[in-house]
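So you can see what is in the structure, the chains are spelled out below.
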Amino acid sequence: MLVPYDALLSLPQETLQAIIKEYLLSQLEDGSFSEVDEQQLANATERCKLALKKGELVVEYSEDDESIAIRQREHISARADD
């Protein structure tokens with residue numbers, strides 16, 4: 001189930017920040033966070049928020065395992081076509 005953008009705005013800011021941070025950290029291929037400083041993380045967070053607003057990224061809630069994650073919209077559409 002996709003979470004509407006407007007619903008994201010009603011979440012506590014800490015919750016939305018945690019979802020975004022988890023998404024951003026999952027994007028690092030090698031899993032090493034030592035090369036990412038706070039400013040880079042803040043910039044990436046703002047870009048992620050903008051992508052969510054534009055609909056390029058979406059928040060998906062999985063009822064099966066009760067998890068929530070940010071996904072690229074094109075990946076969601078591709079899965080639906082399979």
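Our subject is the structure listed above.
Notes on the structure in this doc start here. (Residues numbered from 1 in each chain as written. Predicted model: local features only at pLDDT ≥ 70, side-chain atom pairs only at ≥ 80, totals over all residues. Heavy atoms only, no water.)

Secondary structure summary: the chain contains four helices and three strands in total. For the chain, the sequential pattern of α-helices and β-strands runs β-α-α-α-β-β-α. Expressed as a percentage of the 82 residues in the chain, the buried residues total 24%. Intrachain contacts of the chain at a sequence separation of at least 6 include 45% that bridge at least 24 residues. Split by element, the accessible area of the chain, about 6,100 Å² in all, is 49% carbon and sulfur. (Helix = DSSP H or I, 4+ residues; strand = E, 2+ residues; numbered from the N terminus. Buried < 20%, exposed > 50% of the residue type's maximum accessible area, 1.4 Å probe, protein only. Contact = heavy atoms within 4.5 Å. Areas by Shrake-Rupley, 256 points an atom, 1.4 Å probe, with all protein chains shown as cover.)

This part covers the nonpolar core. Membership of the largest hydrophobic core comes to 14 residues, with the highest contact counts inside it found for Ile20, Tyr23, Leu24, Cys48, Leu52, Leu57 and Ile70. Of all elements in the fold, only helix H2 (13-26), helix H3 (38-54) and strand S2 (57-62) reach the threshold of two or more residues within this core. (Core = buried A, V, L, I, M, F, W, Y, C linked by side-chain atoms within 4.5 Å.)

This part takes up H2. Between the first and last C-alpha of H2 there are 20 Å, a value that for 14 residues agrees with the 20 Å anticipated at 1.5 Å per step. Among the residues of H2, those classed as buried are Leu16, Ile19, Ile20, Tyr23 and Leu24. Looking straight down H2, one finds its buried side chains confined to an arc of 130°; they lie on one side. The exposed residues of H2 that point more than 90 degrees off its buried face are Glu14, Glu22 and Ser26. Check the buried side of H2 and you find it contacts helix H1 (5-9), H3, S2 and strand S3 (67-72). (Expected span 1.5 Å × (residues − 1). Arc of directions from axis to C-beta.)

What follows concerns the packing of H2 against H3. Where H2 meets H3, the closest approach of the two axes is 10 Å, and the angle between their N-to-C directions is 105°. Taken together, the axes of H2 and H3 are roughly perpendicular relative to one another. Between H2 and H3, the residues in contact are Gln13, Gln17, Ile20, Lys21, Tyr23 and Leu24 and Leu41, Ala44, Thr45, Cys48, Lys49 and Leu52, respectively. Residue composition of the contact of H2 with H3, grouped by class: seven nonpolar, three polar and two charged. (Axes fitted to C-alpha atoms, helices over the stretch in contact; angles between N-to-C directions. Parallel < 35°, antiparallel > 145°, perpendicular 65-115°, else oblique. Nonpolar A, V, L, I, M, F, W, Y, C, P; charged D, E, K, R; others polar.)

One ladder, built from six bridges, connects S2 with S3; its direction is antiparallel. When the sheet's bridge partners are listed, Ser62 is paired in S3 with Ser67. Taking the residues that link successive antiparallel strands as the turn, the S2-S3 hairpin has four residues, and the phi of Glu66 there is positive, at about 50°. (Pairing = 2+ DSSP bridges.)

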